[in-house]
Amino acid sequence: MKLLVTGGAGFIGSAVVRRAVAQGHQVVNLDALTYAACLDNVASVADNPLYVFEQADIRDRAALDRILAKHQPDAVMHLAAESHVDRSIDGPGTFIDTNVMGTFHLLEAARAYWVARGKPDRFRFHHISTDEVFGSLGATGQFTEDTPYDPRSPYSASKAGSDHLVRAWHETYGLPVVLTNCSNNYGPYHFPEKLIPVIVLNALAGKALPIYGDGSNVRDWLYVEDHAEALLLVVARGAPGRSYNIGGENERSNLDLVRTLCAILDRKRPRDGSYADQITFVTDRPGHDARYAIDPVRIREELGWRPSVTVEQGLELTVDWYLANEPWWRALQERHGVGQRLGVRA
Ligand SMILES: NC(=O)c1ccc[n+]([C@@H]2O[C@H](COP(=O)([O-])OP(=O)(O)OC[C@H]3O[C@@H](n4cnc5c(N)ncnc54)[C@H](O)[C@@H]3O)[C@@H](O)[C@H]2O)c1
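The model shown is predicted, which means the values in this text are computed figures rather than measured ones.

Draft legend 1. Expanded view of the overall build of the chain. Check the secondary structure of the chain and you find 11 helices and 13 strands. Taking contacts inside the chain between residues at least 6 apart in sequence as the whole, the part at least 24 apart equals 82%.

Draft legend 2. Inspection of the site of the ligand at higher detail. Taken together, 30 residues lie around the ligand, and Gly7, Gly10, Ala32, Ala37 and Ala81 are the ones closest in. If you list the elements that add at least two residues to the shell around the ligand, you get helix 1 (11-22), helix 4 (92-116) and strand 5 (124-130). Of the residues belonging to the shell around the ligand, the class tally is 14 nonpolar, 11 polar and five charged.

Draft legend 3. Layout of helix 4. Between the first and last C-alpha of helix 4 there are 35 Å, a value that for 25 residues agrees with the 36 Å anticipated at 1.5 Å per step. At Gly102, helix 4 shows its maximal kink, close to 30°. Among all positions of helix 4, only Phe95, Thr98, Asn99, Gly102, Thr103, Leu106, Leu107, Ala109, Ala110, Tyr113 and Trp114 are buried. On the buried face of helix 4, the contacting elements are strand 1 (2-6), helix 2 (61-71), strand 4 (75-78), helix 3 (85-90), strand 5 and helix 5 (154-173).

Draft legend 4. Looking closely at the UniProt feature "domain: NAD(P)-binding" (unreviewed entry) in the chain. The UniProt entry lists residues 4-316 under the feature "domain: NAD(P)-binding" (unreviewed entry), expressed in the numbering used here. Span residues 4-316 is 40% helix and 17% strand, its end C-alpha atoms 32 Å apart.

Draft legend 5. Inspection of the sheet that holds strand 5 at higher detail. With respect to topology, seven strands assemble into an open sheet ordered 3-2-1-4-5-6-11, the strand pairing being parallel. In this open sheet, the two strands that pair with only one neighbour each are strand 3 (51-55) and strand 11 (243-246). The mean inter-strand angle of the sheet, taken between neighbouring strand axes irrespective of direction, is 20°. Judged from the six bridges that link them, strand 5 and strand 6 (residues 177-182) form a sheet pairing that is parallel. Note on strand 6: the bridge partner recorded for Ser129 is Asn181. Where helix 5 meets the sheet, its contacts fall on strand 5 and strand 6, and the angle it forms with strand 5 comes to roughly 155°.

Draft legend 6. Main features of the pairing of strand 5. Taking burial as the measure, the seven residues of strand 5 include seven buried ones, the bulk of the element. Residues Arg124, His126, Ile128 and Thr130 line one face of strand 5 and the alternating positions Phe125, His127 and Ser129 line the opposite face, and both faces are buried. Bridge count for strand 4 against strand 5 is four bridges, and the pairing is parallel. Bridge pairing links Val76 to Phe125 in strand 5. Chirality of the crossover, the property in question, places the unit of strand 5, helix 5 and strand 6 among those that are right-handed.

Draft legend 7. Structural context of the packing of helix 8 (residues 254-268) against helix 10 (residues 311-324). The geometry of helix 8 relative to helix 10 is characterised by a closest axis approach of 10 Å and an angle of 55° between their N-to-C directions. Viewed along their axes, helix 8 and helix 10 adopt a mutual orientation that is oblique. Note that helix 8 runs across helix 10; the crossing there is right-handed. Touching Thr260, Leu261, Ile264, Leu265 and Lys268 of helix 8 are Glu312, Leu315, Glu316, Val319 and Leu323, all from helix 10.

Draft legend 8. Local environment of the environment of Arg59. Mapped onto the secondary structure, Arg59 falls in the loop between strand 3 and helix 2. Among the residues examined, Arg59 registers 17 C-beta atoms within 10 Å and is labelled partly exposed. In this structure the C-alpha to C-alpha distance between Arg59 and Gly8, which are 51 residues apart in sequence, comes to 16 Å. Apart from the residues lying within four places of it in its own chain, the contact partners of Arg59 are Asp97, Thr98, Met101, Gly102 and His105.

Draft legend 9. Structural detail: the nonpolar core. Val5, Val16, Met77, Ala110, Leu231 and Leu261 are the most contacted members of the largest nonpolar core, which has 87 residues in total. The residues touching Val5, leaving out its near neighbours within four places in the chain, are Gly13, Val16, Val17, Val27, Asn29, Leu30, Met77 and Leu79.

Draft legend 10. Summary view of the pairing of strand 11. Residue alternation in strand 11 divides its side chains into two sets, Ser243 and Asn245 and Tyr244 and Ile246, and both sets are buried. Pairing of strand 6 with strand 11 involves four bridges; the strand directions are parallel. If you follow Cys182 over to strand 11, its bridge partner there is Ile246.

Draft legend 11. Representation of unusual backbone geometry. The backbone of Leu33 sits at a positive phi, close to 60°, despite the residue not being glycine. Within the secondary structure layout, Leu33 lies in the loop between strand 2 (26-31) and strand 3. One non-glycine residue, Lys119, lies in positive phi territory at about 55°. Relative to the assigned elements, Lys119 resides in the loop between helix 4 and strand 5.

Draft legend 12. Expanded view of helix 2. Those residues of helix 2 that sit buried are Leu64, Ile67 and Leu68. Down the axis, helix 2 shows its buried residues gathered within 100° of arc, on one side only. Residues Ala62, Ala69 and Lys70 are exposed on helix 2 and point more than 90 degrees away from its buried face. Looking at the buried positions of helix 2, the neighbouring elements they touch are strand 2, strand 3 and helix 4. Immediately beyond the C-terminal end of helix 2, within one or two residues, lies Gln72, with a positive phi of roughly 50°.

Rules behind the numbers
- Residues numbered from 1 in each chain as written.
- Predicted model: local features only at pLDDT ≥ 70, side-chain atom pairs only at ≥ 80, totals over all residues.
- Helix = DSSP H or I, 4+ residues; strand = E, 2+ residues; numbered from the N terminus.
- Contact = placed C-beta atoms within 7 Å.
- Near = placed C-beta within 6 Å.
- Nonpolar A, V, L, I, M, F, W, Y, C, P; charged D, E, K, R; others polar.
- Expected span 1.5 Å × (residues − 1).
- Bend = angle between axes of the 7 residues up to and from the residue.
- Buried ≥ 20, exposed ≤ 12 C-beta atoms within 10 Å, placed from the backbone.
- UniProt positions renumbered as here; feature names shortened; annotations may be inferred.
- Pairing = 2+ DSSP bridges.
- Axes fitted to C-alpha atoms, helices over the stretch in contact; angles between N-to-C directions.
- Right-handed = clockwise from strand over helix to strand, strands pointing away.
- Parallel < 35°, antiparallel > 145°, perpendicular 65-115°, else oblique.
- Left-handed = near helix turned anticlockwise from the far one by under 90°.
- Core = buried A, V, L, I, M, F, W, Y, C linked by C-beta atoms within 7 Å.
- Arc of directions from axis to C-beta.

So this is what it looks like as structure tokens:
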């Protein structure tokens with residue numbers, strides 16, 4: 001297949017790009033290169049004849065039309081977004097612009113392209129979204145594909161808005177869309193403002209390991225390479241108009257997760273005492289969702305996908321990667337806002 005991947009210089013998008021090229025797909029990586037992007041994430045495929053990079057903004061309709069006409073993809077995999085909840089609390093406008101308006105422009109460009117080619121059944125517009133659109137769970141229950149939307153942060157509200165647009169373009173115009181809503185990803189190339197890299201890098205630097213609130217918030221952790229595999233399966237075999245929840249089957253509280261990371265570092269980079277001694281509880285995020293959990297039955301039964309690693313195995317791989325790739329994360333730590341506490345404004 002020829003895939004147009006938006007946001008392919010980001011964390012998850014770059015995993016999709018690397019894996020798609022490895023599987024023999026042609027890939028056009030469309031990315032605006034915001035603060036969250038890093039072309040080193042795709043350095044391993046940069047010279048591959050299957051790979052092309054196009055720097056463009058998904059809000060720039062003329063650029064989208066030009067890139068679609070030039071490359072003639074069989075599918076669009078849409079990952080470009082503003083993705084950090086804390087930044088969405090401080091500056092929601094960018095999230096509405098990129099995640100809602102950007103998705104609108106991309107849908108319109110994809111629709112015009114699809115119509116101009118005679119509306120091929122095989123075309124896919126694959127929208128990558130989050131489980132955060134479903135809101136917050138109590139101690140029990142899981143999100144299914146039919147769970148009503150209840151977003152609670154500017155980030156999740158902007159992603160919910162984009163999901164609604166994608167479904168509407170299917171119902172109204174017949175555009176063959178598929179949607180996926182995944183849980184928290186982690187793994188190599190995770191930008192160093194997100195929880196897991198912050199903990200690993202602060203631990204190594206002898207700094208405090210910040211835990212929001214009391215650390216009881218539960219997330220279902222999904223290894224990014226498993227997610228990329230699931231996404232390539234959905235774009236190839238997902239049914240038009242259908243959505244698929246993708247989870248890691250690995251629920252952990254933030255505090256348990258951080259303690260596991262500390263135990264791994266204690267083994268791999270021993271020092272006096274435990275890294276867990278650096279754990280510090282800090283003011284909670286406003287509107288911090290208590291628990292997310294994914295019911296993974298649909299993607300398992302319809303497409304045969306399951307995660308390949310447990311969270312313990314995935315965290316080992318992740319810590320190894322950060323220990324081996326210091327130049328990568330050191331450069332990104334210089335970027336605006338990284339290392340600062342964001343999103344505390346209520
Ligand atoms: N990281 C997670 O745990 C997670 C969980 C669920 C869903 N998602 C979704 O998956 C997708 C990818 O997430 P990520 O963590 O890789 O994000 P990321 O922030 O690491 O990467 C986003 C990429 O999109 C690009 N981008 C941003 N605005 C753009 C614009 N206007 N035009 C073109 N490119 C633009 C950035 O340059 C960057 O390369 C997002 O849609 C996000 O909402 C992420």
